[in-house]
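Chain residues, written in single-letter form:
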Amino acid sequence: MTLRSAMPSLATFRFRFGLAAVLLLAACGGPQSVFEPRGPDAERLLTLTWVLFIGGTAIFVGVMGLIGYALVARPDRTRRLSGNHLVLWGGFVFPIVTLAVLTTYSAWTTSALTATPREEPLRVEVIGHMWWWEVRYPGEPGMPDAVTANEIRIPVGRPVEVTVTTADVIHSFWVPNLHGKIDLIPGHVNRRVITAHEPAVMRGQCAEFCGAQHAWMAFAVVAEEPERFEEWLERQREPAPEPREPLLREGREAFIAQGCGACHRVRGVPLAEGDLGPDLTHVGSRHLIAAGRLENGVGALAGWIASSQHLKPENLMPSFDRLDGPTLRAIARWLESLE
Ligand code: CUA
């Protein structure tokens, strides 16, 4: 085969280039994208990004133009442009003014991002674990905390103060449609107030490499109308519902018999008080399981229980691959019923 025949034809090149461009641009939107802001912070960050990008591009093009001009212009014409004036205006005045304006704008944006909200914020605690997210909504005194995992629900229009900590290594909390990254540092508490201005289901992602399954440390963020949010929050504070049918009761018994409760808490179920893994009290109401590895459903729950090490190697949960089919199905059906 000659080198020429091994090279792609122009048509193939155009097709591949077009395909790559479409794929790249297709990533510029959707539930995990900085280009589709769903709140004021993300809007400010996107505007800042465009101002810096367009400004930087314009300056780059200008400088390239001057270099090109210097290369091709005849010496007598170049002399007219060069000299003290070019150094003064191009080398001092322009960069000083441009950098001062951009620095001021960038500092103003940063201060707007960290401003104290006028309204009393809702408080949410997020704790990073390798590789999942614990989410707690502290209750008023005498009221139990609502605890969930890998899913954060927030009311539209109300500021939410997210407090982040980590149980092990450094992670980073990031919902691109809502805000910039917040690092979770061992021994340190970070805070950020975020607001969503329209109902949406978004995807958040750990943004700091934290081990083998860092890529599968995602979560869902559901922004919904305040009334729906309050109903959800109230339900989350309650213990697990009583099984309504024999199969579900069987599932609960099998869950206890298999020792799942040593790592998972299901409030209201005896011997299910572990806190190594996610609280499963209302696992059936979540969009995702295993920190975004699977979309929730009875099949996904059964698959995860049977082969968690295959789906997400090195995570703390062992694969229960010796369970017989009916037992696995009963546990998965019971978990799915915990809404
Ligand atoms: Cu947690 Cu990456």
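Look up: the structure comes first, before these words.
Definitions and cut-offs
Residues numbered from 1 in each chain as written. Predicted model: local features only at pLDDT ≥ 70, side-chain atom pairs only at ≥ 80, totals over all residues. Heavy atoms only, no water. Helix = DSSP H or I, 4+ residues; strand = E, 2+ residues; numbered from the N terminus. Buried < 20%, exposed > 50% of the residue type's maximum accessible area, 1.4 Å probe, protein only. Contact = heavy atoms within 4.5 Å. Pairing = 2+ DSSP bridges. Axes fitted to C-alpha atoms, helices over the stretch in contact; angles between N-to-C directions. Disulfide = S-S within 2.5 Å. Salt bridge = Lys/Arg side-chain N within 4 Å of Asp/Glu carboxyl O. Polar contact = N/O pair within 3.5 Å; in protein donor to acceptor, adjacent residues only side chain to side chain. 1 Å grid on protein atoms, 1.4 Å probe; cavity = no way out; pocket = protein on both sides within 12 Å on 5 of 7 lines; lining within 4 Å. Points joined across faces, edges and corners; volume = space filled by probe spheres on them. Nonpolar A, V, L, I, M, F, W, Y, C, P; charged D, E, K, R; others polar.

Undergrad: Let's hear about the overall build of the chain: which residues, and what values?
TA: Helix and strand content of the chain: nine helices and twelve strands. Considering the chain as a whole, with its 339 residues, one finds that 40% of them fall into the buried category. A fraction of 62% describes how many contacts in the chain between residues 6 or more apart in sequence connect residues 24 or more apart.

Undergrad: Requested: an account of the sheet that holds strand S2 (residues 132-137), with residues and values cited.
TA: Within a sheet, each strand pairs with its neighbour through backbone hydrogen bonds, oriented either parallel or antiparallel. Taken in spatial order, the five strands of this open sheet run S3-S2-S1-S5-S8, and their pairing is mixed. Each end of this open sheet is capped by a strand with a single partner; those strands are strand S3 (146-149) and strand S8 (190-194). Here the strands of the sheet are splayed against their neighbours by 25 degrees on average, with no regard to which way each runs. Together, strand S1 (122-129), S2 and S3 form the strand contacts of helix H6 (residues 226-237), whose direction differs from that of S3 by roughly 95 degrees.

Undergrad: Give me the lowdown on the state of the cysteines, citing residues and values where you can.
TA: Cysteine pairs can be linked by a disulfide, which is a covalent bond between their two sulfur atoms. Following the criterion strictly, the structure yields zero disulfides and no others. The thiol sulfur of Cys260 is not disulfide-bonded, and the nearest other cysteine sulfur, from Cys263, lies at 8.6 Å. By relative accessible area, which is 15% here, Cys260 ends up buried.

Undergrad: Quick rundown of the sheet that holds strand S7 (residues 182-184)? Include the residues and the values.
TA: Pairing is mixed in the open sheet, where five strands are placed in the order S4-S10-S9-S6-S7. Edge positions in the sheet fall to strand S4 (151-155) and S7, since each has one partner strand and no second. Between one strand and the next, the sheet's axes are offset by a mean angle of 25 degrees, whatever the strand orientation. Bridge count for strand S6 (residues 171-174) against strand S9 (residues 200-206) is two bridges, and the pairing is antiparallel. Bridging from a neighbouring strand, Trp174 pairs with Gln205 of S9. Contacts from H6 reach S4 and strand S10 (218-224), with the element oriented near 135 degrees to S4.

Undergrad: Residue-level account of the pattern of salt bridges, with values.
TA: In this structure the tally under the stated criterion is 15 salt bridges. Here the salt bridges share partners, and the residues they tie into one network are Glu120, Arg123, Glu161 and Arg191.

Undergrad: Can you explain the pairing of S2? Please cite residues and give values.
TA: Burial analysis of S2 places five of its six residues in the buried class, the great majority of the element. Pairing of S1 with S2, which is carried by five bridges, proceeds in the antiparallel orientation. Paired with Ile127 across the bridge in S2 is Glu134. The pairing of S2 with S3 spans four bridges and is classified as antiparallel. Each residue of the ladder has a partner; that of Tyr137, found in S3, is Ala146.

Undergrad: Tell me about the side chain of Thr166, and name the residues and values.
TA: Looking at where Thr166 falls in the secondary structure, it is placed in strand S5 (residues 160-166). At 3.0 Å, the side chain of Thr166 and the backbone nitrogen of Asp168 are in polar contact. Only 2.6 Å separates the side chain of Thr166 from the backbone oxygen of Val169, close enough to count as a polar contact. Apart from the residues lying within four places of it in its own chain, the contact partners of Thr166 are Ile127, Gly128, His171, Leu184, Ile185 and Pro186.

Undergrad: Hey, could you go over empty space enclosed by the protein for me, with residue numbers and the actual values?
TA: Overall, the coordinates contain one cavity of 30 Å³ or more when judged by the stated rule. Its volume calculated, the largest cavity comes out at about 30 Å³. As for the largest cavity, its lining consists of Pro241, Glu242, Pro243, Arg244, Leu248, Trp334, Ser337 and Leu338. Grouping the amino acids of the lining of the largest cavity by side-chain chemistry returns five nonpolar, one polar and two charged.

Undergrad: Report on unusual backbone geometry, specifying residues and quantitative values.
TA: Outside of glycine, negative phi angles account for most residues, and trans bonds account for most peptide bonds. Omega for the bond connecting Met130 with Trp131 falls within 30 degrees of zero, at 0 degrees, which places this linkage in the cis form. Following the sequence through the fold, Trp131 ends up in the loop between S1 and S2. In this model, Asn150 sits at a positive phi of 60 degrees, which is unusual for a non-glycine residue. Despite not being glycine, Ala290 shows a phi value in the positive range, around 55 degrees.

Distances and angles like these do not, on their own, reveal function.
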